[in-house]
Amino acid sequence: MSMLSPRLLRQMSTRKEAAGTLWVRGFSAGGGKAKKGGKGGAGADASKTPTLTKEIKSTSVVGANILKEGSDPKVLPDAEYPDWLWGLIDKRLPLSELRRKDVETLPYEDLKRFVKLDNRSRIKENNTLKAKK
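Computed from a prediction, not measured in an experiment: that's the story for all the values here.

1. Some remarks on the overall build of the protein chain
The helix and strand tally for the protein chain stands at six helices and zero strands. Start at the N end of the protein chain and walk to the C end: the helices and strands fall as α-α-α-α-α-α. Relative to its full complement of 133 residues, the protein chain shows a buried share of 9%. Counting only carbon and sulfur atoms, one obtains 57% of the accessible surface of the protein chain, whose full area is about 12,600 Å².

Shown next, in the form of structure tokens:
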């Protein structure tokens, strides 16, 4: 068995306390023989996994705490968050889609992104050509 550093053990213990779970390592009682009638046996293990209650999931962001002696941040109503945050969810067009569109009709942000992605792809192509020589 490998040695775990004290720092890693502390991190593991704080994560367990934050999630409210207890990790227990056990061995199968079968004596090394495989059970008949299925592959993997994941169905029996799935019921034993610790779960968080719905109340904890809906009121706090579990695992977002980065402080040593802090608590997980609480989930706020949507009105409490800035408007720009909701724009991060929107999908952006990939370079192939931007190339198909007319450059004259693209909004400024999409045009800026097109130039950046196009330059990046040209640099990659030039690098691969130089590497082959």
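2. Considering the nonpolar core
Among the nonpolar cores identified, the biggest contains five residues, and these are Leu95, Leu98, Leu106, Phe114 and Leu117. Discounting residues that sit within four places of it in the chain, Leu95 has contacts with Phe114, Leu117, Asp118 and Ser121.

3. A closer look at the packing of aromatic side chains
On inspection of all chains with the given rule, the structure shows one aromatic pair. Measuring from centroid to centroid gives 6.1 Å for Tyr81 and Trp86, while their planes differ by 90°, and the two rings are edge-to-face.

4. A few points about helix α6 (residues 108–132)
Along its 25 residues, α6 runs 37 Å from first to last C-alpha, staying within 8% of the 36 Å computed at 1.5 Å per residue. Taken residue by residue, α6 has Arg113, Phe114, Leu117, Asp118 and Ser121 as its buried positions. Considering only its buried residues, α6 is in contact with α5 (95–100).

5. Thoughts on the pattern of salt bridges
A complete count under the given rule lists three salt bridges for this structure. For Arg99, the salt bridge identified is with Asp118, shortest N-O distance 2.9 Å. Residue Arg99 is located in helix α5, and its partner Asp118 is located in helix α6; the two are separated by 19 residues in the primary sequence. The exposure class of Arg99 is partly exposed, given its relative accessible area of 46%. We classify Asp118 as buried; its relative accessible area is 18%. For the salt bridge of Arg122 with Asp118, the shortest nitrogen-to-oxygen distance reads 3.6 Å. Here Arg122 and its partner Asp118 are both found in helix α6, four residues apart, which amounts to about one turn of the helix. Classification of Arg122 as partly exposed rests on a relative accessible area of 42%.

Scoring rules and cut-offs
Residues numbered from 1 in each chain as written. Predicted model: local features only at pLDDT ≥ 70, side-chain atom pairs only at ≥ 80, totals over all residues. Heavy atoms only, no water. Helix = DSSP H or I, 4+ residues; strand = E, 2+ residues; numbered from the N terminus. Buried < 20%, exposed > 50% of the residue type's maximum accessible area, 1.4 Å probe, protein only. Areas by Shrake-Rupley, 256 points an atom, 1.4 Å probe, with all protein chains shown as cover. Core = buried A, V, L, I, M, F, W, Y, C linked by side-chain atoms within 4.5 Å. Contact = heavy atoms within 4.5 Å. Phe/Tyr/Trp six-rings, centres within 6.5 Å; stacked < 30°, edge-to-face > 60°. Expected span 1.5 Å × (residues − 1). Salt bridge = Lys/Arg side-chain N within 4 Å of Asp/Glu carboxyl O.

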